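Listed below are the residues making up each chain.
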Amino acid sequence: MKPITTKPLQQAIDAFQEQEVYIHLETTNGAYATHHGGKAFSAGAYIRNAKVRYEYGRIAGDGPFRIGLKLGELGWVYAEGCTHFEMDDQGRLLVAGHDDQGKLAVALQLSLTPFE
């Protein structure tokens, strides 16, 4: 994965708009939880292979970035804290957010076919 540069990432987001796409969205500190004084707070969210159709997508911020997908009248899906992205050899858009230690904090992935 490469650090986010907004123009290539925006082009990749635009390539999926107005199509039914499968989305994978995950936030976690679970296995990567920071421990303070013997206590750990674990929180996360996970959705995989939900079909969505978005009108448009936007990138906000100066880095780490927020990526939002506008789902028409239904609202928004967004991932915050994004730092890296790539288009893989299967044509899927893979976006990740890594903390300052390189640990995964957020993942947003779009595909025309289900994720395995």
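For the structure itself, look to the data block above.
Residues numbered from 1 in each chain as written. Predicted model: local features only at pLDDT ≥ 70, side-chain atom pairs only at ≥ 80, totals over all residues. Heavy atoms only, no water.

Q: Residues and numbers for helix H1 (residues 6-16), please.
A: Burial in H1 covers these residues: Leu9, Gln10, Ala12, Ile13 and Phe16. The buried residues of H1 all sit within an arc of 160° when viewed along its axis, so they share a single face. Turning to H1, the residues buried within the fold contact strand E2 (21-28), strand E6 (56-60), strand E7 (65-70), strand E9 (84-87), strand E10 (93-98) and strand E11 (104-111). One or two residues past the end of H1 sits Glu18, with phi positive at roughly 60°. (Buried < 20%, exposed > 50% of the residue type's maximum accessible area, 1.4 Å probe, protein only. Helix = DSSP H or I, 4+ residues; strand = E, 2+ residues; numbered from the N terminus. Arc of directions from axis to C-beta. Contact = heavy atoms within 4.5 Å.)

Q: Tell me about the sheet that holds strand E8 (residues 76-82), and please be specific about residues and values.
A: Read across the sheet, three strands follow the order E6-E7-E8 without closing on themselves; strand pairing throughout is antiparallel. Each having just a single partner strand, E6 and E8 make up the two edges of the open sheet. Looking at each pair of strands side by side, their axes are set apart by 15° on average, direction ignored. With five bridges connecting them, E6 and E7 associate as antiparallel partners. Opposite Arg58, over in E7, you have Gly68 as the bridge partner. (Pairing = 2+ DSSP bridges. Axes fitted to C-alpha atoms, helices over the stretch in contact; angles between N-to-C directions.)

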